[in-house]
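What the coordinates show
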Amino acid sequence: MPSVDPTFIAKYALEAVPRYTSYPPATKFRGGTGLEQWQGWMQEQGEAPALSVYVHIPFCKSMCWYCGCHTTIPNGHQRVRNYLTALDIDITRRAEIAPTDARVCHIHFGGGSPDMLSADEFRAVMHRIRTAFNVTADAEIAVELDPRELDAELCRAMAETGVNRASLGVQDISPEVQKLINRPQSRDVVQAAADRLREVGIAAINMDMMYGLPAQTVTKVRETAGAIAEMGADRVSVFGYAHVPWFKKHQRAIPENRLPGAEERFDQMQAAGQALSEAGYDRIGLDHFARPGDPLAQAARNGGLRRNFQGYTTDPSTILVGLGASAISECPQGYVQTEPNPVRYADAVIAGKDMLVRGIERSPAQRAVADRIAALLCKFETWLEADDPVDQINDMVLDGLARIDGQRITLTAAGRPYVRNLAARLDPDFRFSTDQHSVAV
């Protein structure tokens, strides 16, 4: 592993910056942007737009203490059923607003844990989506899953309804780390879940792992990356734990004195990447890895890589319809987000009220910034504008993290871990004094 100047850790790795899965980031969303605005934006779309559907299932059987997602623990399955009643209405309602000639080429179930649904419930949601929208025959349909709760019946239901990619949360295979994050999960459990999926024909398997967790070490991170490679994951996402107990109160259960320091955290990130590269994965952007034959790796090579709320993707859609509590919808004109609380969301939908509670309309200038930041995150290079903050950018250049050639700026190999730092410097609305975001590395 190459040596790292420790001054860069303090100077860049500890900066709190957005993940830039959207621009402007969700922290800029405000109330007053709702269903009326979204409907108007849909009427402005071009012919036969590509459309993506995201379905949020905001429930889990138990809380993982590292979790930063919008999720809750239901006190009985009736609460899930009530939510699904509202989701059914939401799907129909949003499909009626979407362009009539739109083609759905990507569907993604996230959470929470979509495996909280029974096999019949999952079939019903997929039936409603296929009835309401024009889903293409070759659409990618992906589901995020908790390996501990995945049974054979649900796997069959997913395969029958067209699911062709699944993502399994691994995080870390160390029992010590798992105990401290309240996620007991042996490697055998993950392997069994992957086997069940492959047996029913869902062959494309993603796995997630994390660094920066309590009691983690470089050795444990490398062991987790090695186990994931041995289990045959096609794609791997490597995320840094974001410790924000003021925002996610359950994170207070994590002992802060067991969290790795900044340099150790950086070393863990580097170790994960090195282990996966040695196992034959291509490095994709900031935090993804893929087998060379995977469509994501191919997109990275041919310039088709994109970034959205699910991270790096091959999804070509210009419109994202977010369904369910807290889901974010996107189109060129802007973003809207549904009510985050599942009960309030369900009540609003069933009552026929506006369930979109906040968002932002994007100006032409913001769209241009979005394009520049997206190019940087996907290709590690982008173009400069006359009003960019020269001093802040030149600081990264002088440190050997970036180089400028005319109007192009490119991150060096040493600078790639700090791609979010450069993105923040290209964001005219960002202020470095904020505590709304996670650290850069």
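The preceding data block contains the structure.
In this report, the structure presented in the accompanying data block is examined.

1. Details of the overall build of the protein
- Assigned secondary structure in the protein consists of 14 helices and 18 strands.
- Along the first, second and third principal axes, the C-alpha atoms of the protein reach 55 × 50 × 40 Å.
- Each of the 441 residues in the protein was classed as buried or not, and the buried ones make up 56%.
- Contacts spanning at least 24 positions in sequence make up 73% of the contacts within the protein whose residues lie at least 6 apart.
- For the protein, the exposed area adds up to about 18100 Å²; of that, 49% sits on carbon and sulfur atoms.
- When the 47 positive and 55 negative side-chain charges of the protein are each reduced to one mean point, those points stand 2 Å apart.

2. Overview of the packing of helix α3 (residues 78–97) against helix α11 (residues 342–350)
- Axis separation between α3 and α11 bottoms out at 9 Å; the angle between their running directions is 50°. Classified by the angle their axes make, α3 and α11 are oblique. Our pair here, α3 against α11, has a crossing hand that is left-handed. Touching Arg79, Asn82, Tyr83, Thr85, Ala86, Leu87, Ile89, Asp90 and Arg93 of α3 are Pro342, Val343, Tyr345, Ala346, Val349 and Ile350, all from α11.
- Of the residues belonging to the contact of α3 with α11, the class tally is 10 nonpolar, 2 polar and 3 charged.

3. A few points about the sheet that holds strand β17 (residues 402–405)
- Overall, antiparallel pairing links the 3 strands, which are arranged β16-β18-β17 in an open sheet. Edge strands, defined here as strands with exactly one partner in the open sheet, are β16 (381–383) and β17. Ignoring which end each strand starts from, the neighbouring axes of this sheet average 20° apart.
- For β17 and strand β18 (residues 408–411), the ladder comprises 4 bridges, and the chain directions are antiparallel. Residue Ala402 lies in a different strand from β18, and its bridge partner there is Leu411.
- Relative to β16, helix α12 (residues 364–379) is tilted by about 160°, and along the sheet it contacts β16 and β18.
- On top of the sheet, helix α13 (residues 390–398) reaches β17 and β18; it is set at about 115° to β17, its chief contact.

4. Examining the pattern of salt bridges
- For the coordinates displayed, the defined rule picks out 21 salt bridges.
- Notably, a salt bridge pairs Arg128 with Asp88, separated by 2.8 Å at the nearest N-O pair. One end of the pair, Arg128, is in helix α4 (residues 119–132); the other, Asp88, is in helix α3, with 40 residues separating them in the sequence.
- With a relative accessible area of 25%, Arg128 lands in the partly exposed category.
- Of the charged contacts in the structure, one is a salt bridge between Arg372 and Asp388, with a shortest N-O distance of 2.8 Å. Taken together, the residues span a long stretch of sequence, with Arg372 in helix α12 and Asp388 in the loop between β16 and α13 at a distance of 16 residues. Asp388 matches Arg372 in its accessibility class, with the two residues each being buried.
- Each of the salt bridges in this network shares a partner with another, and the network as a whole consists of Glu140, Arg165, Arg235 and Asp294.

5. Re the packing of helix α8 (residues 218–230) against helix α9 (residues 262–278)
- The N-to-C vectors of α8 and α9 enclose an angle of 30°; their axes lie 8 Å apart at closest approach. By the angle class used here, α8 and α9 are roughly parallel. Considering the relative orientation of α8 and α9, their crossing is right-handed. Counted together, Val218, Val221, Arg222 and Ala225 of α8 and Glu264, Asp267, Gln268, Ala271, Ala272, Gln274, Ala275, Leu276 and Glu278 of α9 form the full contact between these two elements.
- Taken together, the residues of the contact of α8 with α9 sort by class into 7 nonpolar, 2 polar and 4 charged.

6. Concerning the pairing of strand β6 (residues 204–211)
- Most of β6 is tucked away: 8 of the 8 residues are buried.
- Because side chains alternate across β6, one face comprises the buried residues Ala204, Asn206, Asp208 and Met210, and the other comprises Ile205, Met207, Met209 and Tyr211, equally buried.
- Where strand β5 (residues 165–171) lies against β6, 6 bridges are found, and the strand directions are parallel. By the bridge assignment for β6, Leu168 is matched with Met207.
- Strand direction decides the pairing type here: β6 and strand β7 (residues 235–240), joined by 6 bridges, are parallel. Residue Met207 lies in a different strand from β7, and its bridge partner there is Val236.
- Taken together, β6, α8 and β7 form a β-α-β motif whose crossover is right-handed.

7. Some words on the side chain of Glu339
- Relative to the helices and strands, Glu339 resides in the loop between β14 (334–338) and α11.
- The class of Glu339 is buried, set by a relative accessible area of 14%.
- When neighbours within four sequence positions are excluded, Glu339 is seen to be in contact with Ala325, Ser326, Arg344, Tyr345, Met355 and Val357.

8. Quick notes on the environment of Ile73
- Within the element layout of this structure, Ile73 appears in the loop between β2 (50–57) and α3.
- With a relative accessible area of 34%, Ile73 lands in the partly exposed category.
- Aside from chain neighbours lying at most four places away, what touches Ile73 is Cys60, Lys61, Ser62, Met63 and Arg79.

9. What to know about the packing of aromatic side chains
- According to the stated counting rule, one finds 10 aromatic pairs in the structure shown.
- Where Phe266 meets Tyr418, the ring centres are 5.9 Å apart and the plane angle is 25°; that geometry is what we call stacked. Taken together, the positions of Phe266 in helix α9 and Tyr418 in the loop between β18 and α14 (419–425) put the pair 152 residues apart, joining distant regions of the chain.
- Overall, the relative accessible area of 2% leaves Phe266 in the buried class.
- One aromatic cluster in this structure is built from Phe8, Tyr12, Phe266 and Tyr418.

Definitions and limits used
Residues numbered from 1 in each chain as written. Predicted model: local features only at pLDDT ≥ 70, side-chain atom pairs only at ≥ 80, totals over all residues. Heavy atoms only, no water. Helix = DSSP H or I, 4+ residues; strand = E, 2+ residues; numbered from the N terminus. Buried < 20%, exposed > 50% of the residue type's maximum accessible area, 1.4 Å probe, protein only. Contact = heavy atoms within 4.5 Å. Areas by Shrake-Rupley, 256 points an atom, 1.4 Å probe, with all protein chains shown as cover. Lys, Arg positive; Asp, Glu negative; His and termini not counted. Charge placed at Lys NZ, Arg CZ, Asp CG, Glu CD. Axes fitted to C-alpha atoms, helices over the stretch in contact; angles between N-to-C directions. Parallel < 35°, antiparallel > 145°, perpendicular 65-115°, else oblique. Left-handed = near helix turned anticlockwise from the far one by under 90°. Nonpolar A, V, L, I, M, F, W, Y, C, P; charged D, E, K, R; others polar. Pairing = 2+ DSSP bridges. Salt bridge = Lys/Arg side-chain N within 4 Å of Asp/Glu carboxyl O. Right-handed = clockwise from strand over helix to strand, strands pointing away. Phe/Tyr/Trp six-rings, centres within 6.5 Å; stacked < 30°, edge-to-face > 60°.

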